[in-house]
Amino acid sequence: MTEETIKAYWQKFLSTLPADSTYRTRPYIAEGWGDSPEMADELGALIAQGTKTGTCSALWEWEAEGDPIPEVGLVTIVLEGKGEPLCIVETTEVSTRKYNEVDSDFARAEGEGDLSLAYWREAHRNFFSRVLPKIGKEFSEEMPLVCERFRMIYK
């Protein structure tokens, strides 16, 4: 991935918009999703296909990294595992809820596996059990999650 590739992708997106589009003055981020290139490939493909329209992360990770929690209107260039742009999404909803409060509707929006809440719980328990120890935390069914919904705005 190069910064030039990402900027060129952003410019290509902007070239499809009217001159007065608010996206022209909006900031954006570019990132792969998950904790490995393979996961970025898998999740990025689900997003680009339109299957994945939601995501979650541990609130503790945001706090540990000192990053602000995403807000409605956040624009993200979704990158695959090698850092190449796949599509652009815009955050449409952000909520904080406990792991054990995630419902089947949100699990389906995550777009993974068989789209069931049971699959979501197992996959996310495994993910958080793997990544949280890196910041000195352990998985808990009561742990706070930042849950986001988004829509694709460019592919």
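Draft legend 1. Geometry of the overall build of the chain. Within the chain, the secondary structure is distributed over five helices and five strands. The secondary structure elements of the chain, listed N-terminal to C-terminal, are α-β-α-β-α-β-β-α-α-β. Relative to a compact globule of 155 residues, whose C-alpha radius of gyration would be 15 Å, the chain shows 16 Å and is just as compact. Each of the three principal axes of the chain carries a C-alpha extent, and together these read 45 × 30 × 25 Å. Counting all 155 residues of the chain, 43% fall into the buried class. Contacts in the chain between residues far apart in sequence, at least 24 positions, make up 71% of those at least 6 positions apart. For the chain, the accessible area works out to roughly 8,300 Å², and carbon and sulfur atoms hold 50% of it. Once the 17 positive and 28 negative side-chain charges of the chain are each reduced to a mean point, those two points are 3 Å apart.

Draft legend 2. Representation of the sheet that holds strand S5 (residues 144–154). With mixed pairing, five strands are arranged side by side in an open sheet as S1-S3-S4-S5-S2. Taken across any chain shown, the strands that pair with only one partner, and hence form the sheet edges, are strand S1 (29–32) and strand S2 (54–58). If you compare each strand with its neighbour and ignore which way they point, the axes differ by 40° on average. Here S1 pairs with strand S3 (residues 75–79) via four bridges, running parallel. Paired with glutamate 31 across the bridge in S3 is valine 78. The sheet contacts of helix H2 (residues 37–48) involve S1, S3, strand S4 (85–98) and S5, and relative to S4 the element is tilted by about 95°. The sheet strands contacting helix H5 (residues 117–131) are S2 and S5, and the helix crosses S2 at an angle near 40°.

Draft legend 3. Here's a closer look at the side chain of glutamate 148. Structurally, glutamate 148 is set in strand S5. Buried within the structure, glutamate 148 lacks any salt-bridge partner; its nearest side chain of opposite charge belongs to lysine 52, at an N-O separation of 9.5 Å. Only 3.4 Å separates the side chain of glutamate 148 from the side chain of threonine 91, close enough to count as a polar contact. Setting aside chain neighbours within four positions, we find glutamate 148 in contact with Thr53, Gly54, Thr55, Pro70, Thr91, Glu93, Val94 and Phe106.

Draft legend 4. A look at the side chain of threonine 55. Turning to its location among the elements, threonine 55 is positioned in strand S2. Sequence-distant contacts of threonine 55, that is, excluding residues within four places in its chain, are made with Trp33, Phe106, Glu110, Val146, Cys147, Glu148 and Phe150.

Draft legend 5. Quick peek at the packing of aromatic side chains. Considering all chains together, one arrives at nine aromatic pairs under this definition. Seen in terms of ring centroids, tyrosine 99 and phenylalanine 139 are 4.8 Å apart; in terms of plane orientation they differ by 90°. Their pairing is edge-to-face. Taken together, the residues tyrosine 99 in the loop between S4 and helix H4 (104–110) and phenylalanine 139 in the loop between H5 and S5 connect sequence positions 40 residues apart. A connected cluster of aromatic rings, assembled from ring pairs, spans Tyr9, Trp10, Phe13, Tyr23, Tyr28 and Tyr154. Of note, arginine 97 hangs over the ring of phenylalanine 106, and the distance from its end group to the ring centre comes to 5.1 Å.

Cut-offs and rules
- Residues numbered from 1 in each chain as written.
- Predicted model: local features only at pLDDT ≥ 70, side-chain atom pairs only at ≥ 80, totals over all residues.
- Heavy atoms only, no water.
- Helix = DSSP H or I, 4+ residues; strand = E, 2+ residues; numbered from the N terminus.
- Rg over C-alpha atoms; globule rule 2.2 N^0.38 Å.
- Buried < 20%, exposed > 50% of the residue type's maximum accessible area, 1.4 Å probe, protein only.
- Contact = heavy atoms within 4.5 Å.
- Areas by Shrake-Rupley, 256 points an atom, 1.4 Å probe, with all protein chains shown as cover.
- Lys, Arg positive; Asp, Glu negative; His and termini not counted.
- Charge placed at Lys NZ, Arg CZ, Asp CG, Glu CD.
- Pairing = 2+ DSSP bridges.
- Axes fitted to C-alpha atoms, helices over the stretch in contact; angles between N-to-C directions.
- Salt bridge = Lys/Arg side-chain N within 4 Å of Asp/Glu carboxyl O.
- Polar contact = N/O pair within 3.5 Å; in protein donor to acceptor, adjacent residues only side chain to side chain.
- Phe/Tyr/Trp six-rings, centres within 6.5 Å; stacked < 30°, edge-to-face > 60°.
- Lys NZ or Arg CZ within 6 Å of the ring centre and 35° of its normal.

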